[in-house]
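Chain by chain, the residues run as shown.
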Amino acid sequence: MKKLKSVSLLLALTLGLTAVAYRQKETVGGAAGPGAENSAVSQTAAKDTAAPEPVSVNYPKGSVYSNPIDEYFLPRMEKPHISMVEFRFLQACYQKAWKDEFEHLVEWMKAKCVYEEDKKCIASWKKSVEKDIKASQKVIVTELLDVYEVDPDPEKVKDHVSRVTAWGNGTACRLKQLEGESYRNAVMQIADLFTDRKYSFRKIDYSKIAP
């Protein structure tokens, strides 16, 4: 009788452990676990809220690539232990500083024009830069969030998962910084055409820029 009870107890213990293991597999690693269909969003959300990699661009003193905007913002964005709020604020200010500088450069170039044809070319170049920035944002967002497996058509959303739902504050601020870098590239193409630096950057207090 004791032997029978021992066998029954061992059988119950084995079945109990099997059930626990099955439940753990379902909730942790199983494909049928709750929330599995939202894995794309959860992964991109984690990526979006993670601390961004610091900007790392150090130009040699006197380099033709040096400029007052990078000299002000980059050291502040590279500060150790910088808060996420401060970092995102600086990203937005960086974009604003370069966009305003781009507008200033365009007006400076137009002021030198003698012929209307040259003004038209400058206006066309300005529109081209702005168009390229907008066109590149879709590619950048898709790569940044790694949502290639999600249908880009918002009308074909499955299980409430779309490319828009993967967005967060981090994505928007990263785009601001990348947009600023695009304006920077356009400005520096002109500013560094000549070693005598015919173009002068605006003399402003960058700490007072508000995005």
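Above: the structure in question.
Report on the accompanying structure. Just so you know, these numbers come straight off a predicted model, no measurement behind them. (Residues numbered from 1 in each chain as written. Predicted model: local features only at pLDDT ≥ 70, side-chain atom pairs only at ≥ 80, totals over all residues. Heavy atoms only, no water.)

## Quick word on the nonpolar core
Definition in use: Residues belong to one nonpolar core when they are buried, are Ala, Val, Leu, Ile, Met, Phe, Trp, Tyr or Cys, and are joined through side-chain atoms within 4.5 Å. Note on classification: 1.4 Å probe, protein chains only; a residue is buried when its accessible area is under 20% of the maximum for its type, exposed when over 50%, partly exposed between these limits. Under the DSSP-based scheme used, a helix requires at least four consecutive residues in state H or I and a strand at least two consecutive residues in state E, with every element numbered from the N terminus. Note on definitions: a residue-residue contact is assigned when non-hydrogen atoms from the two residues lie within 4.5 Å.
Formed by 28 residues in total, the largest nonpolar core has its most connected members in I69, F73, W98 and F201. If you list the elements that add at least two residues to this core, you get α3 (68–77), α4 (84–112), α5 (116–145) and α6 (169–191). When residues in this core are grouped by element, the largest group, 10 residues, is from α4. Setting aside anything within four residues of it in sequence, one finds F73 in contact with L90, C93, Y94, A97, Y206 and I209.

## Comments concerning α3
Here is the rule: Pairs of N or O atoms within 3.5 Å make up the polar contacts considered here, provided that, within protein, one atom can donate a hydrogen while the other can accept it, and that residues adjacent in sequence are counted only when both atoms are side-chain atoms.
Residues I69, D70, Y72, F73, L74 and M77 constitute the buried set of α3. The opening residue of α3, the one whose side-chain oxygen lies 3.2 Å from the backbone nitrogen of I69, is N67.

## Regarding the packing of α4 against α5
Put simply, the test is: The convention used is that axes are lines fitted to C-alpha atoms, helices contributing only their stretch in contact, and that angles between N-to-C directions extend from 0 to 180 degrees. To sort the angles, those under 35 degrees are grouped as roughly parallel, those over 145 as roughly antiparallel, those from 65 to 115 as roughly perpendicular, and the leftovers as oblique. Handedness of a crossing is defined here by the sense of rotation of the near helix relative to the far one, left-handed for an anticlockwise turn of less than a right angle and right-handed for a clockwise turn. Gly counts as polar in this scheme, as do all residues outside two lists: the nonpolar Ala, Val, Leu, Ile, Met, Phe, Trp, Tyr, Cys and Pro, and the charged Asp, Glu, Lys and Arg.
In the contact formed by α4 and α5, the axes pass within 9 Å of each other and the chain directions differ by 165 degrees. With respect to their mutual orientation, α4 and α5 come out roughly antiparallel. Regarding α4 and α5, the two cross each other, and that crossing is right-handed. From α4, F102, E103, L105, V106, M109 and K110 reach across to α5, where they touch K119, I122, W125, K126, V129 and E130. Taken together, the residues of the contact of α4 with α5 break down into 7 nonpolar, no polar and 5 charged.

## Some words on unusual backbone geometry
At H81, a position not held by glycine, the phi torsion is positive, near 65 degrees. As for its position among the elements, H81 is in the loop between α3 and α4.

## Comments concerning the environment of I69
As for its position among the elements, I69 is in helix α3. Through-space distance from the C-alpha of I69 to that of Y94 is 7.7 Å; in sequence the pair is 25 residues apart. In contact with I69, not counting residues within four places along its chain, are Y94, A97, W98, E101, F201 and Y206.

## Some words on α5
To keep things clear, this is the line we draw: In this analysis, the expected span of each helix is defined as 1.5 Å times one less than the number of residues it contains. One fitted axis covers the seven residues ending at a residue, a second covers the seven starting there, and the bend at that residue is the angle between these axes.
With 30 residues, α5 ought to run about 44 Å at 1.5 Å a step, and its terminal C-alpha atoms sit 44 Å apart, in line with that. Taking the largest bend as the criterion, α5 deviates by roughly 25 degrees, centred on Q137. Every buried residue belonging to α5 is among I122, K126, V129, I133, V141, T142 and L145, and all of these are buried. Positive backbone phi, at 50 degrees, marks D146, one or two positions downstream of α5.

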